[in-house]
Amino acid sequence: MKSYFSNEEFFQAVRSLAERMEHGGHTEAARELRDGFACLNGLTDGWAMLMESVDKVIAAHGKALSPGDTAELKEMSRAIGKIVRR
């Protein structure tokens, strides 16, 4: 599983992925990811909402996205899951 050394590194990875998806023509997927990211409030429920958005993007758009972007989303979901379940 990919490790993020800080929350800021993770946040930058989410922002970069959303930007790549948007530039690749996957605006709906990028919007869903950004909507989930906007839910972060420093509490576990915010992380859970982000994880839900990431999982929605995987389910709805995973086959249309590049394999690398889909893999990154899955890694993000796993990392968020560790935060939510601790």
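Predicted model, so just to flag it, every value in this text is computed and none were measured.

This part covers the pattern of salt bridges. On inspection of all chains with the given rule, the structure shows six salt bridges. Note that Asp-69 and Arg-20 form a salt bridge whose closest N and O atoms lie 3.1 Å from each other. Of the two residues, Asp-69 is situated in helix H4 (residues 67–84) and Arg-20 in helix H1 (residues 7–23); the sequence distance between them amounts to 49 residues. Classification of Asp-69 as buried rests on a relative accessible area of 11%. Ionic pairing is found between Glu-75 and Arg-78, a salt bridge with its closest N-O pair at 2.7 Å. Of this pair, Glu-75 and Arg-78 both sit in helix H4, three residues apart, which is roughly one turn of that helix. The network of salt bridges with shared partners includes Arg-20, Asp-69 and Glu-72.

Rules and cut-offs
- Residues numbered from 1 in each chain as written.
- Predicted model: local features only at pLDDT ≥ 70, side-chain atom pairs only at ≥ 80, totals over all residues.
- Heavy atoms only, no water.
- Salt bridge = Lys/Arg side-chain N within 4 Å of Asp/Glu carboxyl O.
- Helix = DSSP H or I, 4+ residues; strand = E, 2+ residues; numbered from the N terminus.
- Buried < 20%, exposed > 50% of the residue type's maximum accessible area, 1.4 Å probe, protein only.

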